[in-house]
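# Inside the fold
Listed below, chain by chain, are the residues.
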Amino acid sequence: MSTSPATLPVTNQQATQSQPPINSHAFRTFLSRLSSSLRESLSQRRPWLELVDRSSFARPDSLTDSFTRIRKNLAYFKVNYSLIVSLVLAFSLLSHPFSLLVLLTLLGSWMFLYLFRSSDQPLVIFGRTFSDRETLLALVLTTIVVVFMTSVGSLLTSALTIGIAIVCLHGAFRVPDDLFLDEQEGSANNAGLLSFIGNSAATSAAASVVAGRV
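How each quantity is defined
- Residues numbered from 1 in each chain as written.
- Predicted model: local features only at pLDDT ≥ 70, side-chain atom pairs only at ≥ 80, totals over all residues.
- Heavy atoms only, no water.
- UniProt positions renumbered as here; feature names shortened; annotations may be inferred.
- Helix = DSSP H or I, 4+ residues; strand = E, 2+ residues; numbered from the N terminus.
- pLDDT = per-residue confidence, 0-100.
- Contact = heavy atoms within 4.5 Å.
- Axes fitted to C-alpha atoms, helices over the stretch in contact; angles between N-to-C directions.
- Left-handed = near helix turned anticlockwise from the far one by under 90°.
- Nonpolar A, V, L, I, M, F, W, Y, C, P; charged D, E, K, R; others polar.
- Phe/Tyr/Trp six-rings, centres within 6.5 Å; stacked < 30°, edge-to-face > 60°.
- Buried < 20%, exposed > 50% of the residue type's maximum accessible area, 1.4 Å probe, protein only.
- Lys NZ or Arg CZ within 6 Å of the ring centre and 35° of its normal.
- Core = buried A, V, L, I, M, F, W, Y, C linked by side-chain atoms within 4.5 Å.
- Polar contact = N/O pair within 3.5 Å; in protein donor to acceptor, adjacent residues only side chain to side chain.
- Patch = residues over 30% accessible without salt bridge, like charges linked within 9 Å, V, L, I, M, F, W, Y side chains within 5 Å.
- Areas by Shrake-Rupley, 256 points an atom, 1.4 Å probe, with all protein chains shown as cover.
- Salt bridge = Lys/Arg side-chain N within 4 Å of Asp/Glu carboxyl O.

### So, the UniProt feature "transmembrane region" (unreviewed entry) in the protein
UniProt's feature table lists "transmembrane region" (unreviewed entry) at residues 75-94, 100-116 and 136-167, given in the numbering used throughout. From the first C-alpha to the last, residues 100-116 spans 22 Å; its make-up is 94% helix and 0% strand.

Right, here's the structure in full:
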């Protein structure tokens, strides 16, 4: 009785090759746009010495005068003010490491579980596969719980309140008579640093989501 030779299993290396857990192209595009937006915004920063010029401070004559000064100073020092608020937020988070860790974990979850996850890599946890809709719902609910039902939300609110108070106080007492702002430049760049970051993040994230889900 003849025996047939044993057949060795052939492994398709291309089929078994693991795919990256995130869409690396979309992630690099997001970082590139964010970096360019930050550089463009910082290039519009006014000199800090001009911001703290002691000879330009005076008590406002009325509440209306305060609001007028704040509006003009916001248009002129928008990038500097955004940096001040960002520094207050950063200091608050660094002084509360647990809240910082929670926010970083939440941000990482959004980035790696939804925004930049490869479309051909389903999310599998404990043997269960989650659809994009289920993943999005879970992330939204988690974000609501973290921001509104923990100390993280109160920390962010306090830091933003302090930062905005500093900006308004400076804007009310800084006499804007010596400031020269091109109206067209002011209207084109009205949102400042935070607007550049938000627009870059939203555009890149939306592009990656659409590209990955289609």
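### Quick notes on the confidence of the model for the protein
Per-chain confidence: the protein averages 75 in pLDDT, with 68% of residues scoring 70 or above. Of all secondary-structure elements in the protein, the lowest mean pLDDT belongs to helix H1 (residues 13-16), at 42, while helix H5 (residues 78-94) reaches the highest, 93. Counted against residues more than four places away or in other chains, residues 203-214, with its pLDDT under 50, gives 15 contacts.

### Focus: the packing of H5 against helix H8 (residues 151-173)
Where H5 meets H8, the axes come as close as 9 Å, and the angle between the chain directions of the two elements is 145°. Seen along the crossing, H5 lies across H8 with a hand that is right-handed. Residues Tyr81, Ile84, Val85, Val88, Leu89, Ser92 and Leu93 of H5 touch H8, and the partners they reach there are Leu155, Leu156, Ala159, Leu160, Ile162, Gly163, Ile164, Ile166, Val167, His170 and Gly171. Residues belonging to the contact of H5 with H8 are distributed by class as follows: 14 nonpolar, four polar and no charged.

### Description of the packing of aromatic side chains
The tally for this structure, following the rule as stated, stands at two aromatic pairs. With a centroid separation of 4.8 Å and 85° between ring planes, the pair formed by Tyr76 and Phe77 is classed as edge-to-face. In terms of burial, Tyr76 and Phe77 fall into one category: buried. Pairing Phe77 with Tyr81 gives two aromatic rings, centres 6.0 Å apart and planes at 55°, and the pair type is tilted. Across the pair, exposure class does not vary: Phe77 and Tyr81 are buried alike. Taking NZ or CZ as reference, Arg46 lies 4.0 Å from the ring centre of Tyr76, over its face.

### A few points about the nonpolar core
Leu93, Leu103, Leu106, Trp110, Tyr114, Leu139, Val146, Val152 and Leu155 together form the largest nonpolar core, which totals nine residues. Of all the elements in the fold, those that place two or more residues in this core are helix H6 (97-115), helix H7 (132-148) and H8. Per-element accounting of this core gives the leading share, four residues, to H6. Beyond its immediate sequence surroundings of up to four residues, Val152 is in contact with Ser99, Val102, Leu103, Val146 and Val147. With seven residues, the next largest nonpolar core counts Tyr76, Phe77, Ile84 and Val85 among its residues.

### Some words on the side chain of Asn80
Positionally, Asn80 belongs in helix H5. A distance of 2.8 Å separates a polar side-chain atom of Asn80 from the backbone oxygen of Arg46. When near neighbours in sequence (up to four residues on either side) are disregarded, Asn80 contacts Arg45, Arg46, Trp48 and Leu51.

### What about a nonpolar patch on the surface?
Residues Leu136, Leu137, Val140, Leu141, Ile144, Val145, Phe148 and Met149 make up a contiguous nonpolar surface patch of roughly 760 Å² in combined accessible area. Inspection of the secondary structure puts Leu136 in helix H7.

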